[in-house]
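# Architecture at a glance
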Amino acid sequence: MTQTLLQLLAAAREEEASLSPRPATVSGTSDTGTPTYLQDLPESSNGRSENEMSQSESPNGENKLAESFLDPMVSSISEAEPSNSLSETEKESTSPEEELDSLEKDGLQLIEKSFDYIVFSPSSKSDEKSLISDSDELKEKPMKPSDSSENVELSKSKGKKSVTMSDEDVAFSENPSLTKIATLRPYPSVSTNLDFLDLIDNSPNGCAMMEEAWERLKKSYVYFKGQPVGTLAAMDPSAEDLNYNQVFVRDFVPSGLACLMRNEHDIVKHFLLKTLHLQGWEKRIDNFTLGEGVMPASFKVLFDPHRQKEILVADFGGSAIGRVAPVDSGFWWIILLRSYTKCTHDHTLADRPEVQRGMKLILNLCLSDGFDTFPTLLCADGCSMIDRRMGIYGYPIEIQALFYFALRCARQMLKAERDGKELIERIDKRIKALSFHIQKYYWLDFTQLNNIYRYKTEEYSHTAVNKFNVIPESIPDWVFDFMPLRGGYLIGNVSPARMDFRWFLVGNCIAILSCLATSAQATAIMDLVEERWEDLVGEMPLKIVYPALEGHEWRSVTGFDPKNTRWSYHNGGSWPVLLWLLTAACIKTGRPQIAKRAIELAEQRLSKDGWPEYYDGKTGRYIGKQARKYQTWSISGYLVAKMMIENPANLLISLEEDKRIANSTHTRSASY
Ligand code: GLC
């Protein structure tokens, strides 16, 4: 057994190597050989804090969270790339036999821009007339006809800009590969201790839930010209659609991973190409043109009944509540592209000129020179999964971790030809600076908390220990009780005189998966989850953020947001989708028992409760006040978690540590 596993691990390492950065030509290496300068953390001590927070279970209880808030700022947009259209050379180099070419080469043409959304239609090559009116008569029909199941009510027209169409050309085909079970090779991140393989839950509950989840996931497929291109956010017949009848880029990630694990690759490929095309069009909100690389938050497929044509409608934040920027979309897109490449061994997709260009445009948005004094990415509030005002403006850990992850994934896939070499150099520098900054300034454990508590202020010059001039009195009371002696985490945000001490699950798990956290930090993060199980997992995994904002903090930070009351939704609600991220982090750190416990908790209620979007309450006991039922990523997140725990080879998404980044010669500050 051990030998076989070791052989498999060796094979997987080879495979990882095959995804390493490739030079433009076959010979040579693209490694920069730049010196590295990072160190691991010292070991944290063992033990446990006596004090626990005592707060009421009621979603409407109150506690105190000290945090300042300033005006949000938006990340800068970088130097211009060549125009949207491909060069002649690039066009020629796209393989004509790709089955998707019909889809892609149809081209999409911008036919309507409005304050609410941008509409694209098939290009006038195939249809000269094709203009859609401002459309009360246009109605939504994003699903194939056969999908009118009991849970689906998709043909309703919602509001002024909805569009419905029927398309005689669309041949909605069942995908036979859905029934295939994937046989994947182990991933080198997986601990060599694979004893947990016997943890597989074959209980009737687990099996029945898996079957149900697959069925529901399949029903959420959205088709464009007969090809599956994504999954609906939710299929709750009892709630208003709002934008839950769209394909969200971030929501599709667990769906896409589930499909990859099941050898159903096409939907992921189509999704990647469709969203890439949406990126290619001019994006406007009012009179402002968004950066070229911006990826949509979501899109939907509509039919024009007059033209009998399908069109895509995309939202780049212009329709979103609060007009929030989907900064995470482009990063998730790159990460999914790398998972696709890793799973299928199909490098031709990532190598396509338009895909290379899409990656570059996304990265150009983040790597341009500006006034920054930190390598972190400056963001507005609501720029990620938490897409409402929640005091995450500035340098939120979720975005920094995704940024780092995307940089490392792109580094493996970008070709060094033409301007690629210079971009790769910029990526290398940023990767190092970013990991140093996050590992050093975002890390909090018992020792570091004590250091900050004793910080001097008003220090001037580069010798300052308290570099950001954090006033110790701004440390919220709760964190002293919350911090165990064993464990630690990356805090939510760091900027001048501001540390947001809240725990955010996505940022911490992504930091583990991307190796942004050192291995000692990764271990400590998992220790914290164990030590603070009641707070972070409770009765339903998992808290998106801990703790909730209450009272004055809630009023001032959220702007009295009635959807984000304490222990609800983004404000300390529990999100089943996060199960897949925790499970991936558990497998990577060799702690599958933690994930197994969380999965078992979810299995007790998730299906019975109708796969809600989120739960409310301090321990996550109540189905969320405004939670959608049959939320697709709650379903696919469960599937991905189960498939990874059953077969760690399914840990497609994780990256190996890069020794060039990890071995530091840099000296730490006295406060570390
Ligand atoms: C909510 C979530 C967001 C998600 C969307 C669709 O707005 O906050 O992260 O993408 O729903 O599920």
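This text goes with the structure placed above it.
Calculation criteria
- Residues numbered from 1 in each chain as written.
- Predicted model: local features only at pLDDT ≥ 70, side-chain atom pairs only at ≥ 80, totals over all residues.
- Heavy atoms only, no water.
- Pairing = 2+ DSSP bridges.
- Helix = DSSP H or I, 4+ residues; strand = E, 2+ residues; numbered from the N terminus.
- Contact = heavy atoms within 4.5 Å.
- Axes fitted to C-alpha atoms, helices over the stretch in contact; angles between N-to-C directions.
- Parallel < 35°, antiparallel > 145°, perpendicular 65-115°, else oblique.
- Left-handed = near helix turned anticlockwise from the far one by under 90°.
- Expected span 1.5 Å × (residues − 1).
- Buried < 20%, exposed > 50% of the residue type's maximum accessible area, 1.4 Å probe, protein only.
- Near = heavy atom within 4 Å.
- Polar contact = N/O pair within 3.5 Å; in protein donor to acceptor, adjacent residues only side chain to side chain.
- Areas by Shrake-Rupley, 256 points an atom, 1.4 Å probe, with all protein chains shown as cover.
- Nonpolar A, V, L, I, M, F, W, Y, C, P; charged D, E, K, R; others polar.
- Lys, Arg positive; Asp, Glu negative; His and termini not counted.
- Salt bridge = Lys/Arg side-chain N within 4 Å of Asp/Glu carboxyl O.

## Focus: the sheet that holds strand E13 (residues 545-546)
Spatially, E10-E11-E12-E13 is the arrangement adopted by the four strands of the open sheet, whose pairing is antiparallel. The open sheet has two edge strands, strand E10 (443-445) and E13, and neither has a second partner. Together, E10, strand E11 (488-495) and strand E12 (498-504) form the strand contacts of helix H11 (residues 420-442), whose direction differs from that of E11 by roughly 105°. The strands that helix H15 (residues 519-531) touches are E10, E11 and E12; relative to E11, the one it contacts most, it runs at about 105°.

## Concerning the packing of helix H5 (residues 249-261) against helix H20 (residues 632-646)
Running from N to C, H5 and H20 cross one another at 40°; their axes reach a closest spacing of 8 Å. Considering their axes alone, H5 and H20 lie oblique with respect to each other. The chirality of how H5 crosses H20 is left-handed. Across the interface between the two elements, Arg250, Asp251, Pro254, Ser255, Leu257, Ala258 and Met261 of H5 pack against Thr632, Trp633, Ser636, Gly637, Leu639, Val640, Met643 and Met644 of H20.

## A closer look at the packing of helix H18 (residues 579-588) against helix H19 (residues 592-605)
Axes are the key here: two packed helices are described by the angle between their axes and the distance separating the axes. Direction vectors running N to C along H18 and H19 enclose 160°, while the axes themselves pass 7 Å from each other. Here H18 is positioned roughly antiparallel relative to H19, judged by the angle of their axes. Between H18 and H19 lies a crossing of left-handed hand. Judged by residue contacts, Leu579, Leu582, Thr583 and Cys586 of H18 engage Pro592, Ile594, Ala595, Ala598, Ile599 and Ala602 from H19.

## Quick look at H15
With 13 residues, H15 should cover 18 Å at 1.5 Å per step; its first-to-last C-alpha distance of 18 Å lies within 8% of that length. Buried residues of H15: Gln521, Ala522, Ala524, Ile525, Met526, Asp527, Leu528, Val529 and Glu531, and no others.

## What to know about the site of the ligand
Near the ligand you find Ala233, Tyr244, Phe248, Arg250, Asp251, Met385, Asp387, Tyr569, His570, Glu613, Gln631 and Trp633, and these make up its full shell. One of the side-chain nitrogen or oxygen atoms of His570 is found 2.6 Å away from an oxygen atom of the ligand. Taking Gln631, its side chain carries an N or O atom lying 2.8 Å from an oxygen atom of the ligand. Within the complex, the protein chains bury 96% of what would otherwise be the 310 Å² of accessible surface of the ligand. Of the residues in the shell around the ligand, the class split is six nonpolar, two polar and four charged.

## Structural notes on the side chain of Glu398
With respect to the helices and strands, the residue Glu398 is situated in helix H10 (residues 397-413). No salt bridge is formed by the buried Glu398, whose closest oppositely charged neighbour, Arg250, lies at an N-O distance of 5.7 Å. At 3.4 Å, the side chain of Glu398 and the backbone nitrogen of Met385 are in polar contact. In this structure Glu398 touches Asp328, Ser384, Met385, Val506 and Gly507, once residues within four positions along its chain are discounted.

## Re the pairing of E12
Burial of E12 is extensive: seven of the seven residues sit out of reach of the surface. Burial along E12 is two-sided: the residues Arg498, Asp500, Arg502 and Phe504 and Met499, Phe501 and Trp503 are all buried. In terms of strand pairing, E11 meets E12 through four bridges, oriented antiparallel. Across the sheet, residue Val494 finds its bridge partner in E12, namely Met499. In sequence, E11 turns back onto E12 through a hairpin of two residues, with Ala497 there showing a positive phi of about 55°. Direction of pairing for E12 relative to E13: antiparallel, over a ladder of two bridges. The residue of E13 that forms the bridge with Phe504 is Val545.

## Focus: the pattern of salt bridges
For side chains bearing opposite charge, pairing can occur when the charged atoms are close. Counted by the stated rule, this structure contains 26 salt bridges. Two residues, Arg284 and Glu282, come together in a salt bridge whose shortest N-O distance is 3.1 Å. Notably, a salt bridge pairs Lys642 with Glu603, separated by 2.9 Å at the nearest N-O pair. Taken as a pair, Lys642 in helix H20 and Glu603 in helix H19 lie far apart in primary sequence, 39 residues in all. Per residue, the accessibility class of Lys642 equals that of Glu603, and both read buried. What you see here is one network of salt bridges that share partners, running through Arg486, Asp527, Glu530, Glu531 and Arg591.

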